[in-house]
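Fold and contact review
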Amino acid sequence: MKIALTFDDGPNHTTTLEVFELLKKFHIKATFFVIGNLIDESTSKIIRTISEYGCDIENHSFSHSFMSHQSREEIAEEVQRTSDIIKTITGKMPRFFRPPYIDLSAQMFEEIPLIFISGKGVEDWVDEVDANERARRLLETVEDGDIILLHDLEGNHKTVKALEQVLPIWIEQGHRFVTVSELFFEKEQTINAAKGILFQNRNDSELWQPN
Ligand SMILES: [Zn+2]
């Protein structure tokens, strides 16, 4: 099975680095959806190191707001600013966007020229969901082509603990870990930023519709 592990809400000096240490330990790659306004002189070094290792750095907005409440100009600015920062640090322009809170609007699809990604999560932002439960859900959930949505937000140590349990099992089972761009572009297929399409698995997409 091919799986894309993804981490939202970094970069920071705690969990982002712990996750990165684990990836190195198991010789695997992942994708980090970063928040623009958390990138400063010191966290940009973390991003550069992670990118040089082979992970992808993608866009999770500048201010992590509920973007369906923003104007067209604000939406465009949120994404462009963050993409420009990432390009400056890594030399690579992001191709994927994860909407904060998976909060969506028609305007967002019109203004954001990136592929929208959601993913399968295990409620790893909920403190009551402990590391064992996160691990159990991860092992139960995973399917070929999955985008696994986790969080390297500051202090989210339970997710690191869960991955310490799960990664050796997945590796033993023979799964391959790819970045989101490898998951989508490996077969020379081109997926365009189609309006209203949100991917949670390489093989499945949902069409977003206004309520
Ligand atoms: Zn987020």
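Residues numbered from 1 in each chain as written. Predicted model: local features only at pLDDT ≥ 70, side-chain atom pairs only at ≥ 80, totals over all residues. Heavy atoms only, no water.

This part covers the side chain of Asp-146. With respect to the helices and strands, the residue Asp-146 is situated in the loop between helix H5 (131–141) and strand S7 (147–151). Look at Asp-146 and you get buried, because its relative accessible area is 0%. Side-chain polar atoms of Asp-146 contact the backbone nitrogen of Glu-143, separated by 2.7 Å. Among the polar contacts made by the side chain of Asp-146, one reaches the side chain of Asn-201 at a distance of 2.8 Å. (Helix = DSSP H or I, 4+ residues; strand = E, 2+ residues; numbered from the N terminus. Buried < 20%, exposed > 50% of the residue type's maximum accessible area, 1.4 Å probe, protein only. Polar contact = N/O pair within 3.5 Å; in protein donor to acceptor, adjacent residues only side chain to side chain.)

One pass over the structure, following the stated rule, counts 1 cavity of 30 Å³ or more. When its volume is computed, the largest cavity comes out at roughly 30 Å³. Taken together, Gly-10, Pro-11, Thr-16, Phe-32, Val-34, Ile-47, Ile-50, Ile-57 and Asp-152 make up the lining of the largest cavity. Among the elements of the structure, strand S2 (31–34) and helix H2 (41–53) are those that each provide at least two residues to the lining of the largest cavity. By residue class, the composition of the lining of the largest cavity is 6 nonpolar, 2 polar and 1 charged. (1 Å grid on protein atoms, 1.4 Å probe; cavity = no way out; pocket = protein on both sides within 12 Å on 5 of 7 lines; lining within 4 Å. Points joined across faces, edges and corners; volume = space filled by probe spheres on them. Nonpolar A, V, L, I, M, F, W, Y, C, P; charged D, E, K, R; others polar.)

The next thing to look at is the packing of aromatic side chains. According to the stated counting rule, one finds 9 aromatic pairs in the structure shown. Consider the rings of Trp-170 and Phe-177, whose centres lie 6.0 Å apart with planes at 40°: the pair is tilted. Positioned above the aromatic ring of Phe-185, the side-chain terminus of Arg-95 is 4.0 Å from the ring centre. (Phe/Tyr/Trp six-rings, centres within 6.5 Å; stacked < 30°, edge-to-face > 60°. Lys NZ or Arg CZ within 6 Å of the ring centre and 35° of its normal.)

Under the definition given, this model contains 14 salt bridges. Residue Glu-140 is joined to Arg-136 by a salt bridge in which the shortest nitrogen-to-oxygen separation is 2.9 Å. Of this pair, Glu-140 and Arg-136 both sit in helix H5, 4 residues apart, roughly one helical turn. Using a relative accessible area of 41% as the deciding quantity, one classes Arg-136 as partly exposed. (Salt bridge = Lys/Arg side-chain N within 4 Å of Asp/Glu carboxyl O.)

In this section: the coordination of the zinc ion. Around the zinc ion, the protein supplies Asp-9 (OD), His-60 (NE2) and His-64 (NE2) as donor atoms, at distances of 2.0 to 2.1 Å. Each donor residue of the zinc ion belongs to the same chain, and together they define the spacing D-x50-H-x3-H. A single burial state applies to His-60 and to His-64, both of which are buried. (Donors = N, O, S within 2.8 Å, 3.2 Å for Na, K, Ca; no water.)

One face of the sheet, then the other: side chains in a regular strand alternate in exactly this way. By the alternation rule, side chains of S2 split into Thr-31 and Phe-33 and Phe-32 and Val-34, which are all buried. A crossover links strand S1 (residues 2–10) with its parallel partner S2, the connecting element being helix H1 (residues 15–25), and its sense is right-handed. Note that S2 and strand S3 (residues 56–59) share 4 bridges and pair parallel. From the neighbouring strand, Thr-31 faces S3, where its bridge partner is Asp-56. Since S2 and S3 lie parallel, the crossover through H2 that links them has a hand, and here it is right-handed. (Right-handed = clockwise from strand over helix to strand, strands pointing away. Pairing = 2+ DSSP bridges.)

Counting 33 residues, the largest nonpolar core has Leu-5, Phe-7, Phe-32, Leu-138, Leu-167 and Trp-170 as its most contacted members. Those elements giving two or more residues to this core turn out to be S1, H1, S2, H2, helix H3 (72–90), H5, S7 and helix H6 (157–172). Among the elements that take part in this core, H6 stands out by supplying 6 residues, more than any other. Those residues in contact with Leu-167 that lie beyond four places of it in its chain are Leu-5, Phe-26, Ile-28 and Phe-177. With 13 residues, the next largest nonpolar core counts Phe-96, Ile-147, Phe-184 and Ile-197 among its residues. (Core = buried A, V, L, I, M, F, W, Y, C linked by side-chain atoms within 4.5 Å. Contact = heavy atoms within 4.5 Å.)

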